[in-house]
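Here is how the chains run, residue by residue.
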2 protein chains.
Amino acid sequence: MTESQVETGPESGGRAGGDDTPLAFEDPTYREAMVDLLGVIAYGEISAFERLAEDAKLAPTLEDKVAIATMASAEFSKVDALRRRLESLGADPFAAMAPFQEPIDRFHDHTAPADWYEGLVKAYVGDGLADDFYREIAAYLDAETRDLVVGTFEDSGHAAFVVDRVRAAIAADHRLGGRLALWGRRLMGEALIQAQRVAAERDALSALLAGGTDRPGLDLAAIGRMFARLTERHTERMAELGLES
Amino acid sequence: MTESQVETGPESGGRAGGDDTPLAFEDPTYREAMVDLLGVIAYGEISAFERLAEDAKLAPTLEDKVAIATMASAEFSKVDALRRRLESLGADPFAAMAPFQEPIDRFHDHTAPADWYEGLVKAYVGDGLADDFYREIAAYLDAETRDLVVGTFEDSGHAAFVVDRVRAAIAADHRLGGRLALWGRRLMGEALIQAQRVAAERDALSALLAGGTDRPGLDLAAIGRMFARLTERHTERMAELGLES
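This structure is a prediction, so every number in the text was calculated from the model and none was measured.

Visitor: Describe in detail the overall build of chain A, supporting the description with residues and values.
Guide: Along its length, chain A carries 11 helices and zero strands. The secondary structure elements of chain A, listed N-terminal to C-terminal, are α-α-α-α-α-α-α-α-α-α-α. For chain A, buried positions account for 50% of its 245 residues. Look at the contacts in chain A between residues 6 or more apart in sequence, and 79% of them connect residues 24 or more apart.

Shown next, in the form of structure tokens:
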């Protein structure tokens, strides 16, 4: 919480060089929000790695296992850049991640896939939702952090694999489609519950969305529209899998 | 034992251009052995990934978790080149891996770490042993496959982390040292049992070591010396961890 004070003295104002970090980082609340944001994304990636590696056990074939393990490794490979960015902000990366361990672990504990297909849908829909949410937040960041955050979510190209497998399975067993549609709603609900909890506990992060004296923010109507967009994209993803939402 | 022996057969003399693959692969047994070898290594890496990801759950801190997850990802990142090499040999990579799933899974089932430290010792000693073994075999391969196999085992630089953690834990609790020493012996024993099983079932792979009409191989005495070297290196690794073997 207080590490933010390290860099915010007048000394830090003189930084130069191709990004707009220096000015933004004079605001201790902004820096704190950055540390929170990078921390939550980093822990989210570590956690996604763990859960995908766990889901790989459910894979019906070795080829499926390798596909899901590739997704796991792709998530994990993003941690390093986030870690380095946190260090460049003078923050301890692990301390930055710590506050988000509980809500993210709780999300995963409450959405442990019962089978391979629930795991696939979770990988696709859950990660997509998290990516969309961070992308929305990224609009309120300095350019350098924004590029890092948006780069984290570049599609690793494994989506086609998931869509293919889930659609084939639903075609073969229509009842599976009903179960997975319910599962998708549960993922969305649980994600919102945990996001709300994080927002309630991390003032700086919420303040980032709400804006500041020198930064535009979101009013309640805009936050409402943001959630409408997130829900819409969730619906699109479910539809791509051949599922109602 | 020396790599030079591989190249001394009359057939290998005329090969040029830094790649002696073509002629070696005219021997169907040799090709079959290559497919087996690349298959067993690839499945071994996938399996190491899975087990390390599993062990990451036991990590006492987030930093430890990231360290072990980094090792897991490093193992997995090696699968792709092995897969491509198998494809270039006209083999289905997953079919090539399939025969080794059972013995490797059995090895892991019989050596599931009871705690974080058993997991660390297994990562260090078990993977080291496998690497040594494949490196011994690599001496009997064509240059291109040998480079690929040896490259697979380049130290990912995480060894220092394991040595550091295990030594500190033993210093703090001497009884742990006794338990981990026994654990190391069990890992070695189980690895030998499964390796023997593979050798018994995969004729081409054993034939690679035994040699052929046009290829030098190992007689029983040489195989004995190879196992002596593997045991010696195992002892060295245990000693580095501060453990008797």
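Visitor: How would you sum up the relation of the copies chain A and chain B? Please name residues and give values.
Guide: Take chain A, turn it by 180 degrees, move it 0.0 Å along the axis, and it overlays chain B with an RMSD of 0.0 Å. Taken together, the rotation and translation describe the operation of a two-fold axis. Looking at the rotation axis and the C-alpha trace of chain A, the residue lying nearest is Ser73 of chain A, at 2.8 Å. Most of the interface of chain A is mirrored in chain B: 100% of its interface residues are interface residues there too.

Visitor: Let's hear about the side chain of His234 of chain A: which residues, and what values?
Guide: Mapped onto the secondary structure, His234 of chain A falls in helix 11 (residues 220–240). Among residues more than four places away in sequence, those in contact with His234 of chain A are Val125, Gly184, Met188 and Ser245 of chain A.

Visitor: Outline the packing of aromatic side chains, supporting the account with residue identities and numerical values.
Guide: All names here are of chain B. As enumerated under the stated definition, the model contains five aromatic pairs over all chains in all. Taken together, a centroid distance of 5.0 Å and an interplanar angle of 50 degrees make the contact between Phe49 and Phe76 tilted. Taken together, the residues Phe49 in helix 3 (residues 28–56) and Phe76 in helix 4 (residues 62–76) connect sequence positions 27 residues apart. Judged by its relative accessible area of 6%, Phe76 is buried.

Visitor: Mind laying out the packing of helix 6 (residues 116–138) of chain A against helix 7 (residues 143–152) of chain A, listing which residues take part and the relevant values?
Guide: Residue and element names in this part refer to chain A. Orientation of helix 6 relative to helix 7, taken along the N-to-C sense of each, is 165 degrees, at an axis distance of 9 Å. In this view, helix 6 runs roughly antiparallel relative to helix 7, as classed from their interaxial angle. With respect to the hand of their crossing, helix 6 and helix 7 are arranged in left-handed fashion. Residues Tyr134, Arg135 and Ala138 of helix 6 lie in contact with helix 7, whose contacting residues are Arg146, Val149 and Val150. For the contact of helix 6 with helix 7, the class distribution of residues is four nonpolar, no polar and two charged.

Visitor: A description of the interface of chain A and chain B should follow, citing residues and the corresponding values.
Guide: Each partner contributes to the interface: chain A provides 21 residues, whereas chain B provides 21 residues. Of the roughly 1900 Å² buried between chain A and chain B on both sides combined, carbon and sulfur atoms contribute 71%. One can count four salt bridges joining chain A with chain B. One salt bridge in this structure joins Lys65 of chain A and Glu50 of chain B, with 3.1 Å as the shortest N-O distance. In this assembly, chain A and chain B are joined by four residue pairs in polar contact (both at pLDDT 80 or more). Those elements that provide at least two residues to the side of chain A that touches chain B are helix 2 (28–56), helix 3 (62–76) and helix 5 (93–110) of chain A. With nine residues, the top contributor of residues to the side of chain A that touches chain B is helix 3 of chain A.

Visitor: Let's hear about helix 5 (residues 79–88) of chain B: which residues, and what values?
Guide: All names here are of chain B. Among all positions of helix 5, only Val79, Leu82, Arg85 and Leu86 are buried. Down the axis of helix 5, the smallest arc covering the buried residues is 130 degrees, so these residues share one side. Counted as exposed and oriented over 90 degrees from the buried face of helix 5: Arg84 and Ser88. Just downstream of helix 5, Gly90 is the residue with a positive phi angle, here 80 degrees.

Visitor: A description of the pattern of salt bridges should follow, citing residues and the corresponding values.
Guide: A side chain of one charge can pair with a side chain of the opposite charge if their charged atoms are brought near each other. Summed over all chains, the structure comprises 34 salt bridges over all chains. Here Arg51 of chain A and Asp109 of chain A are joined by a salt bridge, their closest N and O atoms 3.6 Å apart. Of this pair, Arg51 of chain A sits in helix 2 while Asp109 of chain A sits in helix 5; the two residues are 58 residues apart in sequence, bridging distant segments of the chain. Classification of Arg51 of chain A as partly exposed rests on a relative accessible area of 22%. Residue Glu54 of chain B is joined to Lys57 of chain A by a salt bridge in which the shortest nitrogen-to-oxygen separation is 2.4 Å.

Visitor: Lay out the packing of helix 8 (residues 159–172) of chain A against helix 9 (residues 174–201) of chain A in plain terms, naming residues and giving numbers.
Guide: All names here are of chain A. Where helix 8 contacts helix 9, the axes come no closer than 5 Å and their chain directions differ by 125 degrees. The angle between the axes of helix 8 and helix 9 places the two elements in the oblique class. Along its contact with helix 8, which presents Val166, Ala169, Ile170, Ala171 and Ala172, the element helix 9 presents His174, Leu176, Gly177 and Leu180. When the residues that make up the contact of helix 8 with helix 9 are grouped by side-chain class, the tally is seven nonpolar, two polar and no charged.

Visitor: Can you break down the confidence of the model for chain A residue by residue, with the values?
Guide: Residues and elements named next belong to chain A. In this model, chain A carries a mean pLDDT of 84, and residues with pLDDT of at least 70 account for 86%. Element-level pLDDT for chain A is lowest in helix 1 (residues 21–24), with a mean of 56, against a maximum mean of 94 in helix 5. Ignoring residues within four places in sequence, the model shows residues 1–21, a span with pLDDT below 50, making 29 contacts including any to other chains.

Visitor: Give me the lowdown on the environment of Ala139 of chain A, citing residues and values where you can.
Guide: Relative to the helices and strands, Ala139 of chain A resides in the loop between helix 6 and helix 7. Sequence-wise, Ala139 of chain A and Val150 of chain A are 11 residues apart; in three dimensions their C-alpha atoms are separated by 9.5 Å.

Visitor: A description of helix 11 of chain A should follow, citing residues and the corresponding values.
Guide: One turn of an α-helix holds 3.6 residues; hence residues three or four places apart share an orientation. Residues and elements named next belong to chain A. The end-to-end C-alpha separation of helix 11 is 30 Å, in line with the 30 Å expected for 21 residues at 1.5 Å each. Listed as buried for helix 11 are Ala222, Met226, Leu230, His234, Arg237 and Met238. End-on view of helix 11: buried residues confined to an arc of 165 degrees, all on one side of the axis. Note on helix 11: the residue one or two positions beyond its end, Gly242, has a positive phi of about 85 degrees.

Visitor: Quick one: what's the story with the nonpolar core, residue by residue and with numbers?
Guide: Ranked by internal contacts, the top residues of the largest apolar core, which has 145 residues, are Leu37 of chain A together with Leu37 of chain B. Ignoring anything within four residues of it in the chain, the contact list for Leu37 of chain A reads Tyr134, Ile137, Leu141, Val149 and Leu205 of chain A.

Visitor: Could you give an account of the environment of Asp55 of chain A, naming the residues involved and the relevant values?
Guide: Residues and elements named next belong to chain A. Of note, Asp55 is situated in helix 2. Between the C-alpha atom of Asp55 and that of Ala72, which follows or precedes it by 17 residues, the distance is 9.5 Å. Setting aside residues up to four positions removed in sequence, Asp55 forms contacts with Pro113, Trp116 and Gly119.

Calculation notes
- Residues numbered from 1 in each chain as written.
- Chains lettered and ligands numbered in written order.
- Predicted model: local features only at pLDDT ≥ 70, side-chain atom pairs only at ≥ 80, totals over all residues.
- Heavy atoms only, no water.
- Helix = DSSP H or I, 4+ residues; strand = E, 2+ residues; numbered from the N terminus.
- Buried < 20%, exposed > 50% of the residue type's maximum accessible area, 1.4 Å probe, protein only.
- Contact = heavy atoms within 4.5 Å.
- Least-squares fit on C-alpha atoms with pLDDT ≥ 70 in both.
- Phe/Tyr/Trp six-rings, centres within 6.5 Å; stacked < 30°, edge-to-face > 60°.
- Axes fitted to C-alpha atoms, helices over the stretch in contact; angles between N-to-C directions.
- Parallel < 35°, antiparallel > 145°, perpendicular 65-115°, else oblique.
- Left-handed = near helix turned anticlockwise from the far one by under 90°.
- Nonpolar A, V, L, I, M, F, W, Y, C, P; charged D, E, K, R; others polar.
- Buried area = accessible area lost by both parts, 1.4 Å probe.
- Salt bridge = Lys/Arg side-chain N within 4 Å of Asp/Glu carboxyl O.
- Polar contact = N/O pair within 3.5 Å; in protein donor to acceptor, adjacent residues only side chain to side chain.
- Arc of directions from axis to C-beta.
- pLDDT = per-residue confidence, 0-100.
- Expected span 1.5 Å × (residues − 1).
- Core = buried A, V, L, I, M, F, W, Y, C linked by side-chain atoms within 4.5 Å.

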